[in-house]
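# Structure assessment
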Amino acid sequence: MAGGSARRTVGLSLALLLSGSGVFAQVAANRATRYLEPTDVTDARAVWVNPAGLGRFPEASLHLDLTVGDPGAKGQLRQLTLGFNSRGLSFGYQRDLFSDGERGHTYRIGYAAGHAGLAAGFAAALYRGATSSTGWDLGILYDWRPTLSLGGVIENIGQPLVRGITLPVTYVPSATLQLAGRRVALSALGRLTSDEVAGYGFALRAQLRSGTSLPIGLLARLDTDHALRRAGLAFGVSLGGEDTAGLVATTTGDAGRIDAVSVYGVSTRRFTRAR
């Protein structure tokens with residue numbers, strides 16, 4: 001009985017993390033994890049997705065994200081994210097407003113370094129707001145080929161207890177294949193714990209009008225459970241290059257409604273040419 005209860009607890013926690021549900025349960029994943037991949041992020045958002053991405057290039061970046069849950073007449077601001085990265089040292093802040101009116105605060109500090117196509121990093125997460133806990137993430141990123149990146153993250157080291165939910169140690173391997181002169185990226189990831197495979201994610205990112213004054217970016221991602229049944233969809237559009245503004249919408253597993261919409265901005269300055 002105790003083993004079954006533990007498995008149910010782990011399953012519940014993973015479901016909340018994987019889906020980023022529109023009900024914004026008492027553990028809310030950062031929105032960047034819903035549409036970015038561990039092997040396809042290099043700006044300030046990497047501190048939430050894969051801290052190793054912070055060290056892939058020497059750069060400085062700023063990030064702002066506003067997320068509205070249940071968009072429409074009853075929509076409410078549910079999550080605010082602020083962050084910056086400077087040559088691999090990053091800080092992020094996430095503020096959540098849950099459906100019961102409770103507020104959560106997450107502070108995230110990360111650092112990464114890279115050399116010759118290999119980058120590694122870590123991030124510490126401090127959870128506050130009706131809770132007090134700390135967890136750690138470790139990430140790695142390797143450009144195995146000019147068009148193929150491999151990597152992954154170990155999340156929730158220390159198994160922080162956040163508002164009554166224990167976050168299990170989770171392993172997230174990932175790969176990204178760049179095509180069409182790096183204008184198209186195909187990515188895949190898995191989410192695993194010591195007990196089970198929680199789910200998978202498959203993403204497509206494309207850049208149109210590359211090299212123009214106003215590039216257009218498109219993205220789509222499908223999340224599934226361990227049996228490859230649809231668990232969520234994300235799709236978005238962005239405008240700009242070094243200074244980018246974007247919109248991302250996510251749906252529930254049945255794709256019957258949009259559960260949240262995010263508006264974000266990222267400003268990036270690279271100090272050297274990308275490898």
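See the structure above.
Now for a quick tour of the structure. (Residues numbered from 1 in each chain as written. Predicted model: local features only at pLDDT ≥ 70, side-chain atom pairs only at ≥ 80, totals over all residues. Heavy atoms only, no water.)

Turning next to the layout of surface pockets. Empty space among the atoms becomes visible once a probe the size of a water molecule is rolled across them. Estimates place the volume of the largest pocket at around 1100 Å³. For the lining of the largest pocket, the elements supplying multiple residues, two or more each, are strand 12 (197–208), strand 13 (216–225), strand 14 (230–239) and strand 16 (258–270). Taken together, the residues that form the lining of the largest pocket break down as 12 nonpolar, 14 polar and 12 charged. (1 Å grid on protein atoms, 1.4 Å probe; cavity = no way out; pocket = protein on both sides within 12 Å on 5 of 7 lines; lining within 4 Å. Points joined across faces, edges and corners; volume = space filled by probe spheres on them. Helix = DSSP H or I, 4+ residues; strand = E, 2+ residues; numbered from the N terminus. Nonpolar A, V, L, I, M, F, W, Y, C, P; charged D, E, K, R; others polar.)

The next thing to look at is the nonpolar core. Across soluble globular proteins, nonpolar side chains show a tendency to be buried alongside one another. Tyr35, Leu36 and Val49 are the most contacted members of the largest nonpolar core, which has 16 residues in total. If you tally residues by element for this core, the top one is helix 3 (residues 46–49), at 4 residues. Apart from residues no more than four positions distant in its own chain, Tyr35 is found in contact with Arg45, Asp65, Leu219, Arg221, Ala234, Val248 and Tyr264. Listed in part, the 6 residues of the second largest apolar core include Ala125, Tyr127, Ile165 and Leu167. (Core = buried A, V, L, I, M, F, W, Y, C linked by side-chain atoms within 4.5 Å. Buried < 20%, exposed > 50% of the residue type's maximum accessible area, 1.4 Å probe, protein only. Contact = heavy atoms within 4.5 Å.)

Moving on, we get to the pattern of salt bridges. With the rule as written, the count across this model stands at 11 salt bridges. Across the pair Asp40 and Arg205 runs a salt bridge whose closest N-O atoms are separated by 2.7 Å. Placement of the pair is Asp40 in the loop between helix 2 (32–35) and helix 3 and Arg205 in strand 12, with a sequence separation of 165 residues. Ionic pairing is found between Asp70 and Arg257, a salt bridge with its closest N-O pair at 3.0 Å. You can see Asp70 sitting in the loop between strand 1 (59–69) and strand 2 (76–86) and its partner Arg257 sitting in the loop between strand 15 (243–251) and strand 16, a full 187 residues away along the chain. Taking the relative accessible area as the measure of exposure, Asp70 reaches 32% and is therefore partly exposed. Overlapping salt bridges bring together Glu37, Arg221 and Asp223 as one network. (Salt bridge = Lys/Arg side-chain N within 4 Å of Asp/Glu carboxyl O.)

Distances and angles like these do not, on their own, reveal function.
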